[in-house]
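Chain by chain, the residues run as shown.
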Amino acid sequence: MLILWRRKAQIIKVPQKEVILRYIQIGLLLNLFLTVVISYVPDNYSGSHELAEKLALSGGLWLDMLTTGLLVPITEELIFRFGILKALQKYRCTYAIVYQALLFGVLHGNIVQSLYAFGLGLYFGYLAVKHDHITYGVIIHVTINLSSVLVGYSGIDDTVGLFGLFMLCFFISSSYRIAIWYKNR
């Protein structure tokens, strides 16, 4: 990562509002889909996931929002999408995207989070390659982790809470697009 940084590699760029809203919607929809899929993982595989979830949500709401919701996703994006993905891109983009996503999944430590992280890692890797920076991945990763923290503390079922957040994002995005259309007509 330091070598890429020294070469003045572009890490962050100012995102376009229309694009970021669309990508956040896709990310939240993927988050919801993966949450539903992993709910079908047999209970004997989900014990370590529940323990990891309890540990991630054990510092209090504000501390968990800061660490799990903000610092962890930024660090993971820097390591996996800026460091590993950029280093492997010279071989082949597809290989780099899949490999970093696989490594991202495996390093989450249990089957449930590994499946979940692998799917999201593919999406974040695709965005990093498509736009040649990690801005969109960081914003979406932070959004997904913050939504997970908030849903975890709310006591609402994960699927219901994430669906509600997706619908809220859809409403905001639709309202924004209608406002732009109205302004430009």
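All figures in this text were calculated on a predicted structure; none of them were measured in a lab.

Engineer: Account for the overall build of the chain, with residues named and values stated.
Structural biologist: Helix and strand counts for the chain come out as eight helices and zero strands. Ordered by position from N to C terminus, the α and β elements of the chain give α-α-α-α-α-α-α-α. Once local pairs closer than 6 in sequence are excluded, the contacts in the chain between residues at least 24 apart make up 76%. Total accessible area on the chain stands at roughly 11000 Å², and carbon and sulfur atoms take up 68% of it.

Engineer: I'd like a description of the nonpolar core, backed by residues and values.
Structural biologist: Membership of the largest hydrophobic core comes to 19 residues, with the highest contact counts inside it found for Tyr 23, Tyr 136, Ile 140 and Ile 144. With seven residues, the top contributor of residues to this core is helix H2 (residues 17-38). Ignoring anything within four residues of it in the chain, the contact list for Tyr 23 reads Tyr 123, Leu 127, Lys 130, His 131, Tyr 136 and Ile 140. Core analysis: the next-biggest nonpolar cluster, separate from the first, contains nine residues, Leu 85, Leu 88, Ala 128 and Ile 134 among them.

Engineer: I'd like a rundown of unusual backbone geometry, residues and numbers included.
Structural biologist: The phi torsion at Asp 132 lies on the positive side, around 60 degrees, for a residue other than glycine. For Asp 132, the location among the structural elements is in the loop between helix H6 (111-131) and helix H7 (135-154).

Engineer: Report on the packing of helix H4 (residues 61-88) against H7, specifying residues and quantitative values.
Structural biologist: Here H4 crosses H7 at 150 degrees, and the two axes come no closer than 9 Å. Overall, the two elements H4 and H7 adopt an arrangement that is roughly antiparallel. Of the two possible hands of crossing, H4 and H7 adopt the one that is right-handed. The residues of H7 that touch H4, namely those facing Leu 61, Asp 64, Met 65, Thr 68, Gly 69, Leu 70, Val 72, Pro 73, Ile 74, Glu 76, Glu 77 and Arg 81, are Gly 137, Val 138, His 141, Val 142, Asn 145, Leu 146, Val 149, Leu 150 and Tyr 153. Of the residues belonging to the contact of H4 with H7, the class tally is twelve nonpolar, five polar and four charged.

Engineer: Any details on the packing of aromatic side chains? Residues and values, ideally.
Structural biologist: Across all of its chains, the model carries four aromatic pairs by this definition. Centre to centre, the rings of Tyr 23 and Tyr 136 are 5.2 Å apart; their planes meet at 80 degrees, and the pair counts as edge-to-face. Of this pair, Tyr 23 sits in helix H2 while Tyr 136 sits in helix H7; the two residues are 113 residues apart in sequence, bridging distant segments of the chain. For Tyr 23, a relative accessible area of 6% puts it in the buried group. Residue classification places Tyr 136 among the buried residues on the basis of a relative accessible area of 4%. Between Tyr 123 and Phe 124, the ring centres sit 6.2 Å apart and the planes meet at 40 degrees, which makes this aromatic pair tilted.

Engineer: So, helix H8 (residues 158-184): which residues are in play, and what are the values?
Structural biologist: Its 27 residues place the ends of H8 39 Å apart at the C-alpha level, agreeing with the 39 Å of an ideal helix rising 1.5 Å per residue. Inspection of H8 places Gly 161, Leu 162, Phe 166, Cys 169 and Ser 173 among the buried residues, and these make up the whole buried set. Where H8 is buried, its residues touch H2 and H7.

Engineer: Would you mind going over the confidence of the model for the chain in detail, with residue names and values included?
Structural biologist: Residues at a pLDDT of 70 or more form 84% of the chain, whose mean pLDDT is 81. Within the chain, the lowest mean pLDDT, 52, falls on helix H1 (residues 2-6), and the highest, 94, falls on helix H5 (residues 93-106).

Engineer: Kindly report on the side chain of His 141, identifying the contributing residues and their values.
Structural biologist: Assignment of secondary structure puts His 141 in helix H7. Ignoring sequence-local partners within four residues, the contact set of His 141 consists of Pro 73, Glu 76, Glu 77, Arg 81, Phe 104 and Phe 124.

Engineer: Please give an account of a nonpolar patch on the surface that cites residues and values.
Structural biologist: A contiguous nonpolar surface patch, about 390 Å² in accessible area, is contributed by Leu 63, Leu 66, Leu 70, Leu 71 and Ile 74. You can see Leu 70 is positioned in helix H4. For Leu 70, a relative accessible area of 34% translates into the label partly exposed.

Basis of the calculations
Residues numbered from 1 in each chain as written. Predicted model: local features only at pLDDT ≥ 70, side-chain atom pairs only at ≥ 80, totals over all residues. Heavy atoms only, no water. Helix = DSSP H or I, 4+ residues; strand = E, 2+ residues; numbered from the N terminus. Contact = heavy atoms within 4.5 Å. Areas by Shrake-Rupley, 256 points an atom, 1.4 Å probe, with all protein chains shown as cover. Core = buried A, V, L, I, M, F, W, Y, C linked by side-chain atoms within 4.5 Å. Buried < 20%, exposed > 50% of the residue type's maximum accessible area, 1.4 Å probe, protein only. Axes fitted to C-alpha atoms, helices over the stretch in contact; angles between N-to-C directions. Parallel < 35°, antiparallel > 145°, perpendicular 65-115°, else oblique. Left-handed = near helix turned anticlockwise from the far one by under 90°. Nonpolar A, V, L, I, M, F, W, Y, C, P; charged D, E, K, R; others polar. Phe/Tyr/Trp six-rings, centres within 6.5 Å; stacked < 30°, edge-to-face > 60°. Expected span 1.5 Å × (residues − 1). pLDDT = per-residue confidence, 0-100. Patch = residues over 30% accessible without salt bridge, like charges linked within 9 Å, V, L, I, M, F, W, Y side chains within 5 Å. Salt bridge = Lys/Arg side-chain N within 4 Å of Asp/Glu carboxyl O.

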